[in-house]
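The chain contents come next:
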Amino acid sequence: MGIKRGTTLAAVAAVVALTATACGGDDYKAADAAQPVAAASPQSKSGDYGSDTPANSAAGADAKSAAGQLAVADSEKIGSFLADSAGRTLYRFDKDTAKPPKSNCEGDCEKTWPVVAAGDATAAAGMDPALLGEVVRGDGTKQLTIAGWPAYRFGKDAKAGDVNGQGVGGVWFAFAPDGKKASKAAPAASAAPSASAAPEAPAEGQDGRLSVAKDPKLGDHIVDGKGMTVYRFKPDTAWPMVSKCTGDCLVKWPAVAPAEKGEGIIEKNYLVLDRPDGKKQQTVNCWPVYTFSGDKKPGDTNGQGVGGTWYAVAPDGKPITVK
């Protein structure tokens, strides 16, 4: 790939569009139990794609075109982000991998999120040229990567500077100049950060980080920032990503607020769910997670197996069904 090592700088305006997300899941091996009556979270009909059909836009018209001279643009809402030579925002997909680079956006996904072809890409001002690379897709074509992450445009970005793909499905984000997700940190002593920048503050009693603990019976399992066991609810779904614990259920099984991923937890599909009540909930491998009001101290696992529907969560997000 003829990657050039030049520099330039551009600035464009931006807006943010956020939608719900949908993911795949796994099967329980525990006994079935009655489903509670509860409302489901609204989901985009196209899951992670962000639209039901690809838009006839500048991005959609240039599917698999090269990026050319990259530029660093700036937005009041999401901070600095990368754009191609035409000013179109470049995005990354949480379901892809960077080590090794691999794209998991194909078919209808690729129609909505056009691939950025590997070609004569040139690093932007202030950007490490070594971040640019390429990956061979399943169809044999080469795609631009930034810090190992495959790069895309969004079919609903109609003009230069649009960032309508930011936060779509909770898995699509504009590239920051360092290859990470674009986000704007809130200033000190300011109001809460924007919805696209960082998760909302953790619920009371949590320090914002999940981690892995050991139990003689359960083995490795996820706990919240206070060491309280984290659980999954069998009636929930990961496709689409929906929590079916509402109302009185949430009083007994509080939803885990958005939290950082601690060491030992598998990163795949570590996403945030927008609940029907407007609050946000952490998911692990796309499954909503909760704590249990019946656990009074760190290390308690009183919620394990309750009703044949509640189970502690393994580091990979799967339920621990041992009794």
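Conventions and cut-offs
- Here the residue index of a chain counts from 1 through its sequence in written order.
- Two thresholds apply to this predicted model, a pLDDT of at least 70 for residue-level local features and 80 or more for giving and counting side-chain atom pairs, whereas whole-chain, interface and lining totals are computed over all residues.
- To get the side-chain values, take all heavy atoms of the structure and skip hydrogens and water.
- The predictor attaches a confidence to each residue, and that confidence, scored 0 to 100, is pLDDT.
- By definition, residues are in contact when any of their heavy atoms lie within 4.5 Å.
- Two strands are said to pair when DSSP picks up at least two bridges between them.
- In DSSP terms, a helix is any run of H or I states spanning at least four residues, a strand is any run of E spanning at least two, and both are numbered starting from the N terminus.
- Criterion for a disulfide: a pair of cysteine sulfur atoms at a distance within 2.5 Å.
- Only protein chains enter the accessibility calculation, which uses a 1.4 Å probe. A residue is then buried if its area is under 20% of the maximum for its type, exposed if over 50%, and partly exposed in between.

Visitor: Quick rundown of the confidence of the model for the protein? Include the residues and the values.
Guide: Overall, the predicted model of the protein reaches an average pLDDT of 78, with 72% of residues at or above 70. Per-residue pLDDT stays below 50 along residues 5-22; that stretch engages in 80 contacts with residues further than four places along the chain or on separate chains. The model gives residues 51-63 a pLDDT under 50, and that stretch makes 30 contacts with residues more than four places away or in other chains.

Visitor: Would you mind going over the pairing of strand β19 (residues 310-313) in detail, with residue names and values included?
Guide: Where strand β12 (residues 231-233) and β19 come together, 3 bridges link them in antiparallel fashion. Bridge pairing links Y231 to A312 in β19. Where β19 lies against strand β20 (residues 319-320), 2 bridges are found, and the strand directions are antiparallel. Each bridged residue has a counterpart across the sheet, and for V313 the counterpart in β20 is P319. Between the antiparallel neighbours β19 and β20 lie 5 residues, among them G317 with a positive phi of about 90°.

Visitor: Outline the state of the cysteines, supporting the account with residue identities and numerical values.
Guide: Summed over all chains, the structure comprises 2 disulfides. The residue that forms a disulfide with C105 is C109, at a sulfur-sulfur distance of 2.0 Å. With the S-S bond torsion at -110°, the cross-link from C105 to C109 turns out left-handed. Just as C105 is buried, C109 falls in that class too.

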